[in-house]
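If you want the building blocks of each chain, they are given just below.
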Amino acid sequence: MAVADPPQTVRYSLSLATVPASVPEARRSVRAELAARGLDADHPLTDAVLLVVSELVTNTVRHAARRSPRTTLQLDFGPDELTVRVHDRHPHCPRRREVPYPDGSGGWGLNLVHETALLAGGGTATLADPDGGGKTMVVRLPLG
């Protein structure tokens, strides 16, 4: 009896300078990679992925750049799930805020990412590096 090979995960990885110009660069690169994998502009997940990438890369630029000159963006295309990971080397692991910053400068980004993932049927997590010197923001989105 023949045994089928297990489904493979396809990984896309992009190293970005932790600067404002990297946010649109990340969106352009991810949009192209999604299209190459059959998730074009009309696919229901495309807008969600682009929003997640924009928010998470923006957060690294705003909050981690001084300690982390590079950010890594990774997409893992599994058989049933797309996982977005954004890693930086700043030790602070952010949490979703209950209210935005009083000065109006933001504070809703992680809530937006979390709610977007939930609406798509996925979820979010923050994983600290084993050495405590950085973290990875993880967003899982079902492909089905």
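The structure under discussion appears in the preceding block.
Residues numbered from 1 in each chain as written. Predicted model: local features only at pLDDT ≥ 70, side-chain atom pairs only at ≥ 80, totals over all residues. Heavy atoms only, no water.

Trainee: Would you take a moment to explain the nonpolar core for this structure?
Mentor: The tendency in soluble globular proteins is for nonpolar side chains to be buried side by side. Counting residues in each nonpolar core, the largest one holds 29 residues, and the members touching the most others are Val-30, Val-49, Val-53, Leu-56, Leu-73, Val-84 and Val-139. Counting residues per element, the ones that place at least two in this core are β1 (10–17), α1 (22–36), α2 (46–63), β2 (70–77), β3 (81–88), α3 (109–119) and β5 (135–142). Counting residues per element, this core draws most heavily on α2, which supplies 8 residues. In this structure Val-30 touches Val-49, Leu-50, Val-53, Leu-73 and Leu-75, once residues within four positions along its chain are discounted. (Core = buried A, V, L, I, M, F, W, Y, C linked by side-chain atoms within 4.5 Å. Buried < 20%, exposed > 50% of the residue type's maximum accessible area, 1.4 Å probe, protein only. Helix = DSSP H or I, 4+ residues; strand = E, 2+ residues; numbered from the N terminus. Contact = heavy atoms within 4.5 Å.)

Trainee: How should the pattern of salt bridges be read in this particular structure?
Mentor: As a working rule, side chains carrying opposite charge can pair if their charged atoms are close by. Per the stated rule, a full pass over the model turns up 7 salt bridges. A salt bridge links Asp-76 to Arg-85, with the shortest nitrogen-to-oxygen separation between them at 2.4 Å. By relative accessible area, Asp-76 is classed as buried at 6%. Here Asp-129 ties to Arg-89 by a salt bridge, and the two come within 2.6 Å at their closest N and O atoms. Residue Asp-129 is located in the loop between β4 (123–128) and β5, and its partner Arg-89 is located in the loop between β3 and α3; the two are separated by 40 residues in the primary sequence. Overall, Asp-129 belongs to the buried group, its relative accessible area being 13%. What you see here is one network of salt bridges that share partners, running through Arg-11, Asp-76 and Arg-85. (Salt bridge = Lys/Arg side-chain N within 4 Å of Asp/Glu carboxyl O.)

Trainee: It is not clear to me how the sheet that holds β5 should be interpreted in this structure. Could you clarify?
Mentor: One key point about sheets: their strands pair by backbone hydrogen bonds, in either a parallel or an antiparallel sense. Here 5 strands make up an open sheet; going across it, the order is β1-β2-β3-β5-β4 and the pairing antiparallel. Whereas interior strands pair on both sides, the edge strands pair on one side only; in this sheet they are β1 and β4. With strand direction ignored, the average angle separating the axes of adjacent strands in the sheet is 15°. The sheet strands contacting α2 are β1, β2, β3 and β5, and the helix crosses β3 at an angle near 10°. Running at roughly 30° to β5, α3 makes contact with β4 and β5 of the sheet. (Pairing = 2+ DSSP bridges. Axes fitted to C-alpha atoms, helices over the stretch in contact; angles between N-to-C directions.)

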